[in-house]
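Residue-level structural notes
Each chain, letter by letter, is given below.
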Amino acid sequence: DIAYRYEANYRWNGENYRPDFLIRTSSHSGVAIEYFGLKGEPSYDEQIERKRQFWRNQQGWVLIERFPSDIASGGPDDFARGLVEELENLGVAGRRLEEEEIWSQIARRAIDRFTGAVTGFIGRCRKQNLTPAGLSDLIEKHPSVSSVEWSFLQLANSIYVGYLDRLATNGDEDFDGLIWRAIESVRQGNTRFSRDAGRERGDLRRLRFVMVDEFQDFSQMFLGLIQGILESNPSAKVFAVGDDWQAINGFAGSDLYFFEHFETYFPGSTR
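What this report covers is the structure whose coordinates are included nearby. Here, residues in each chain are numbered from 1, in the same order as that chain's written sequence. Reporting in this predicted model follows two pLDDT cut-offs: at least 70 for local features of residues, and 80 or more for side-chain atom pairs to be given and counted; totals over whole chains, interfaces and linings ignore these cut-offs and use all residues. Only hydrogens and water are set aside when side-chain values are computed; all heavy atoms of the structure are taken into account.

**What about the overall build of the protein chain?**
The test is simple: Working definition: helices are DSSP H or I runs of at least four residues, strands are E runs of at least two. Numbering for both runs from the N terminus. As a reference, a globule follows 2.2 Å times the number of residues to the power 0.38, and the radius of gyration itself is taken over C-alpha atoms. Every accessible area reported is derived by Shrake-Rupley at a probe size of 1.4 Å, with residue values counting cover from the shown protein chains alone.
Of the regular secondary structure elements, the protein chain holds nine helices and 10 strands. A compact globule built from 271 residues should have a C-alpha radius of gyration of about 18 Å, whereas the protein chain, at 28 Å, is more than 25% larger. Along the longest, intermediate and shortest principal axes, the C-alpha atoms of the protein chain span 80 × 45 × 40 Å. On the protein chain, roughly 18800 Å² of surface is accessible, and the fraction owed to carbon and sulfur atoms is 52%.

**Quick notes on unusual backbone geometry**
Operational definition: Buried residues are those whose accessible area, probed at 1.4 Å on protein chains only, stays under 20% of the maximum for their type, while exposed residues exceed 50% and partly exposed ones sit between those limits.
A positive phi angle is found at E7, which is not glycine, with a value near 50 degrees. By secondary structure assignment, the location of E7 is in the loop between β1 (5–6) and β2 (10–12). In this model, A197 sits at a positive phi of 55 degrees, which is unusual for a non-glycine residue. Relative to the helices and strands, A197 resides in the loop between β7 (192–195) and β8 (200–203). Look at A197 and you get exposed, because its relative accessible area is 73%.

**Section: the side chain of N233**
The line we're drawing: Pairs of residues are marked as contacts when any of their non-hydrogen atoms sit within 4.5 Å.
Here N233 shows up in the loop between α7 (220–232) and β10 (237–240). The class for N233 is buried, based on a relative accessible area of 3%. When neighbours within four sequence positions are excluded, N233 is seen to be in contact with L204, R205, R206 and L207.

**What about the pattern of salt bridges?**
Heads up, the condition is: A pair is scored as a salt bridge if a Lys or Arg side-chain nitrogen falls within 4 Å of a carboxyl oxygen belonging to Asp or Glu.
One pass over the full model with this rule turns up 18 salt bridges. Between R199 and D196 there is a salt bridge, with its nearest N and O atoms 3.0 Å apart. Classification of D196 as partly exposed rests on a relative accessible area of 43%. Each of E49, R52, R56 and E65 takes part in a single network of salt bridges with overlapping partners.

**Some details on the packing of aromatic side chains**
Two numbers describe a pair of aromatic rings. These are the distance of the centres and the angle of the planes. Defined as follows: Side-chain rings of Phe, Tyr and Trp (the six-membered ring for Trp) are treated as a pair once their centres are within 6.5 Å; stacked means planes under 30 degrees apart, edge-to-face means over 60, and tilted covers the remaining angles.
Summed over the entire model, instances satisfying the criterion amount to 18 aromatic pairs. Ring centres of Y4 and F21 lie 5.7 Å apart, and the angle between their planes is 70 degrees; on these two criteria the pair is classed as edge-to-face. Here Y4, found in the segment before β1, pairs with F21, found in strand β4 (residues 21–26); they are 17 residues apart in sequence, far enough to count as distant. Classification of Y4 as exposed rests on a relative accessible area of 52%.

**What to know about the nonpolar core**
Definition in use: Take the buried Ala, Val, Leu, Ile, Met, Phe, Trp, Tyr and Cys residues and link them wherever side-chain atoms come within 4.5 Å; each set so joined is a nonpolar core.
Counting 14 residues, the largest nonpolar core has V210, V212, F215, F218 and I226 as its most contacted members. Ranked by the residues each element gives to this core, the list is headed by α7, at three residues. Apart from residues no more than four positions distant in its own chain, V210 is found in contact with I226, I229, A236, K237, V238 and F239. Counting 12 residues, the second largest nonpolar core, distinct from the first, contains C125, L130, I139 and Y160.

**As for the packing of helix α3 (residues 99–127) against helix α5 (residues 147–170)**
So the rule is basically this: In this description, a line fitted to the C-alpha atoms serves as the axis of each element, helices being fitted only across the stretch in contact, and the angle between N-to-C directions of two axes falls anywhere from 0 to 180 degrees. Handedness of each helix crossing follows the sense of rotation of the near helix against the far helix: counterclockwise by less than a right angle gives left-handed, clockwise gives right-handed. Three classes are used: nonpolar for Ala, Val, Leu, Ile, Met, Phe, Trp, Tyr, Cys and Pro, charged for Asp, Glu, Lys and Arg, and polar for all others, with Gly counted as polar.
Where α3 contacts α5, the axes come no closer than 10 Å and their chain directions differ by 65 degrees. In this structure, the crossing between α3 and α5 has a hand that is right-handed. Contacts between α3 and α5 pair F114, A117, V118, F121, I122, C125 and R126 from the former with F152, L153, L155, A156, N157, I159, Y160, Y163, L164 and L167 from the latter. For the contact of α3 with α5, the class distribution of residues is 15 nonpolar, one polar and one charged.

**What to know about the sheet that holds strand β6 (residues 61–66)**
Pairing between the strands of a sheet comes from backbone hydrogen bonds, and it takes one of two forms, parallel or antiparallel. Convention followed: Any two strands between which DSSP finds at least two bridges are classified as paired.
Pairing is mixed across the open sheet formed by four strands, whose spatial order is β1-β4-β5-β6. Each edge of the open sheet carries a strand with a single partner, namely β1 and β6. Bridging between β4 and strand β5 (residues 29–35) involves five bridges; their strand directions are antiparallel. If you follow I23 over to β5, its bridge partner there is V31. Along the sheet, helix α1 (residues 42–56) makes contact with β4, β5 and β6, crossing β6 at roughly 155 degrees.

And the structure:
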C-alpha cells in the first residue's frame, strides 16, 4: 500500500524522461526505481549513466537500480524481498494487503477489463460464425501459454454458449448474426432488397458494380457476403478502396490478408 507514481513525466535537457517508479518520502525527497532491462547494449548503457547522473543531482532523492540478472539469480520471490528490504532501509514502510483489500481497490477496473476482454472474444467468435462445438474444438487444439489463459478460455467458452442461448431464447440477433443471416439468404437466391420503408428497391442480380470502402477492415464475414452476391451475379465487378496503414480493427475480426491477397479472391483484377 505504498503511494507511487508510474512513469511520471520529467523534462530533462529538452527530452521527456519517464522513470519507472517514483515514491516520495517527503515534499523534497524520495526514491526512484529504474529497471534497466537492456544493460550491455552500448547506447542503452550510456542512457543508464546519464540517468544515474540525473538522480545524483536531485538533492534528497535516491535511485534504486534493478537488472534482469537480479530476477534470474534468485527468482521473483527473492527479487521482491530484496526490493522491499531496500525500500524499508530508505524509510519507505510497506504493508502487505489482504486479498479482500486488494480486491476492493481493483474490483471496478478488473471487472471492466474482464468485460472488455470477453466482449471482444465473443465478437471475434461471431465474426467467424463459430458454433459452440466449433469453438470448443479450437480451444481444445490451442496450446495455452499459461493456466490463466486456459482458465479464461474455459470461462469465455461458457459465456459464449450462454450468450447464444440468450439470443435464441429471446428471439434476438446481434449485428454479426444479421450479416450471417443475410449471407445465407443471398446464397439461397434471395436477391431482392428494399430500404427506407420500401421507397428504395433493388435486385443484387442487376448490380454492375459492388463498391467496398475501407477494404483494410475486410473480414471473412464480409467476404462471405460479397461471394454470395457474386454467386447470384457473376458479372458484377468489385471495386475496393483501402489503406493498409489504417488497419486498426484487427481486434474486431478484420484481417489484412484479404487486402494483401486481393487478386486471390478476385481473379483478373487490376490495382
